[in-house]
Amino acid sequence: MSWWQGEAPAVPAPRVGDEAELLLAARAGDAQAAHRLGRLHAQRGDRSAARHWWEMAASGGNVDSAFNLGIWHEKHGSLEEAVFWYERAAGTGDAEAAVNLATLLLEQRGDLETARGWFECAARAGSRPAARRLALICEDAGELNAAREWHRRAATDGDTACAHDLGFLAYSAGDDEETVRWWEFATRGGQADSAYYLGLFLQASRDPEAAETYFRLAAASEHPGAAAQLGGIALSRGDLRTARGWYERAAGAGRVEAQRMAGFVCVELGDSTGASHWFGRAAAGGDPEAAFNFGLLLIAEFGDLEGGRHWFREAALAGHHQAAVELGGLLTAAGQAGEARRWLADPPPPSWDRTAEPELYARAELAAAATGRRGGVSLAVPALTEVLGTWDLVTRPLHDHADVIAWLVARSGLHTSAIEHLAAVRVTLLRPGGAPWPSPAEIEHVLATARELRRRFGLR
């Protein structure tokens with residue numbers, strides 16, 4: 001046990017008056033006295049003397065001294081010596097030494113296999129940090145059953161980060177009961193992210209009242225996503241001032257979509273200055289819709305044609321259809337016919353600008369978060385929302401969805417396989433667990449199908 005960790009020492013802490021007695025005992029071969037003498041020198045800042053006495057104590061079998069020497073060499077000596085002394089302590093069953101040893105081997109040597117073995121020794125001895133590290137290693141290796149088991153051990157021992165991870169593993173496996181169980185557990189332990197994702201899950205499950213409760217819990221811990229969700233809820237109720245307050249909390253934390261929405265609410269409230277501020281921040285953050293609306297605002301409210309042209313151009317370059325059209329008109333009026341023709345002749349295609357149902361957006365964000373864990377490639381929320389929203393839009397006239405694929409094929413003329421692939425991805429997003437999460441390439445493929453489907457149905 002380390003002398004600087006503030007925990008109860010394995011032996012009584014030495015006092016200055018004990019030094020002569022300890023010195024005699026240590027020289028006579030008393031390992032415990034040598035260990036305490038090393039602690040006394042460490043407290044004085046005499047690292048060299050501390051090392052000397054701990055080496056003597058460790059040679060006499062004192063595990064605490066071996067552990068302290070591991071820390072000493074990790075901070076002041078060599079990696080090889082640190083590993084040597086940690087191995088001495090870990091070999092006797094010291095879980096903390098095993099964790100430190102495994103961490104060194106993994107992070108300094110890249111020796112995953114040996115590190116994993118020591119993490120497992122420590123975890124089986126009851127180390128919660130080791131259980132968590134082992135769970136994450138198993139996740140990275142695709143060993144999900146083992147990952148769940150080690151996460152569960154750590155979570156049951158109070159590790160709320162593991163409980164949060166268990167919620168995501170359960171969600172990806174389609175186990176709704178376990179998802180709720182672990183995110184509730186983590187929320188009670190103060191995990192704001194768990195409260196937020198539980199809110200999204202309840203929203204996706206069409207329980208908006210319960211979802212709002214968890215969003216408020218997360219927002220109380222300054223979670224920007226939860227603040228944005230509460231802004232949307234207030235906006236749906238027509239409470240513009242409350243919506244503005246929530247959106248501005250999220251916007252101030254850097255959420256670009258919340259900055260754009262704060263700008264829209266300010267427009268509705270007649271606050272052009274506030275709208276200019278938030279549209280400007282979102283536009284500078286790369287949001288094309290905000291850039292377009294910032295351009296409109298600068299022209300309509302401030303008479304700033306040059307500023308309007310600038311932001312229309314930025315939005316058009318980012319693929320905003322209406323910005324390209326408006327820019328072409330402004331350039332024509334300004335006598336810049338050449339550039340105007342380029343924008344008007346080949347503007348970007350119209351983008352999806354419909355508001356999806358809250359439960360579809362929630363499913364999209366949950367899927368994006370689940371795929372982005374542990375260094376994965378996160379699926380894009382707007383793309384997922386467009387896929388789900390398109391299916392919802394084109395199938396809305398149907399009363400009986402039993403033969404929906406055949407109906408879509410007949411109405412659109414698209415190949416059956418394309419519609420079936422779109423349907424399969426949609427089912428995975430709405431009811432995870434039946435198939436692996438789609439890849440980004442799959443999403444691009446079904447997104448193209450969704451857009452073609454809308455075009456053939458005459459829908460934007």
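Residues numbered from 1 in each chain as written. Predicted model: local features only at pLDDT ≥ 70, side-chain atom pairs only at ≥ 80, totals over all residues. Heavy atoms only, no water.

**Points about the packing of helix α24 (residues 404-412) against helix α25 (residues 416-430)**
A pair of packed helices is characterised by two quantities: the angle between their axes and the separation of those axes.
Then comes step 1: Close contact between α24 and α25 brings their axes to 9 Å; oriented N to C, the two are set at 135°. It follows that α24 is oblique to α25 by the angle criterion. Helix-helix and strand crossings are classified by hand; for α24 and α25 the assignment is right-handed. Contacts between α24 and α25 pair Ile-405, Leu-408, Val-409 and Ser-412 from the former with Thr-416, Ile-419, Glu-420 and Ala-423 from the latter.
Then comes step 2: Each residue belonging to the contact of α24 with α25 can be placed in one class, and the counts come to five nonpolar, two polar and one charged. (Axes fitted to C-alpha atoms, helices over the stretch in contact; angles between N-to-C directions. Helix = DSSP H or I, 4+ residues; strand = E, 2+ residues; numbered from the N terminus. Parallel < 35°, antiparallel > 145°, perpendicular 65-115°, else oblique. Left-handed = near helix turned anticlockwise from the far one by under 90°. Contact = heavy atoms within 4.5 Å. Nonpolar A, V, L, I, M, F, W, Y, C, P; charged D, E, K, R; others polar.)

**Let's talk about the pattern of salt bridges**
Then comes step 1: Summed over all chains, the structure comprises 24 salt bridges.
Then comes step 2: Note that Arg-373 and Glu-139 form a salt bridge whose closest N and O atoms lie 3.0 Å from each other. Placement of the pair is Arg-373 in the loop between α22 (358-371) and α23 (381-394) and Glu-139 in helix α8 (residues 128-140), with a sequence separation of 234 residues.
Then comes step 3: With relative accessibility at 17%, the residue Arg-373 sits in the buried group.
Then comes step 4: With a shortest N-O distance of 2.7 Å, Arg-456 and Glu-452 are connected by a salt bridge. Separated by four residues within a single helix, Arg-456 and Glu-452 lie in helix α26 (residues 440-457), roughly one turn from each other.
Then comes step 5: Judged by relative accessible area, which is 39%, Arg-456 ranks as partly exposed.
Then comes step 6: Each of Arg-132, Glu-139, Asp-165 and Arg-373 takes part in one network of salt bridges that share partners. (Salt bridge = Lys/Arg side-chain N within 4 Å of Asp/Glu carboxyl O. Buried < 20%, exposed > 50% of the residue type's maximum accessible area, 1.4 Å probe, protein only.)

**Notes on the nonpolar core**
Then comes step 1: Core analysis: the largest hydrophobic core is formed by 87 residues, its most contacted members being Trp-183, Tyr-197, Phe-215, Leu-366, Leu-408 and Leu-453.
Then comes step 2: Those residues in contact with Leu-366 that sit more than four places away from it in its chain are Phe-168, Tyr-171, Trp-183, Tyr-197, Leu-200, Phe-201 and Ala-204.
Then comes step 3: Formed by 43 residues, the second largest nonpolar core is a distinct cluster that contains Trp-54, Val-99, Trp-150 and Ala-163. (Core = buried A, V, L, I, M, F, W, Y, C linked by side-chain atoms within 4.5 Å.)

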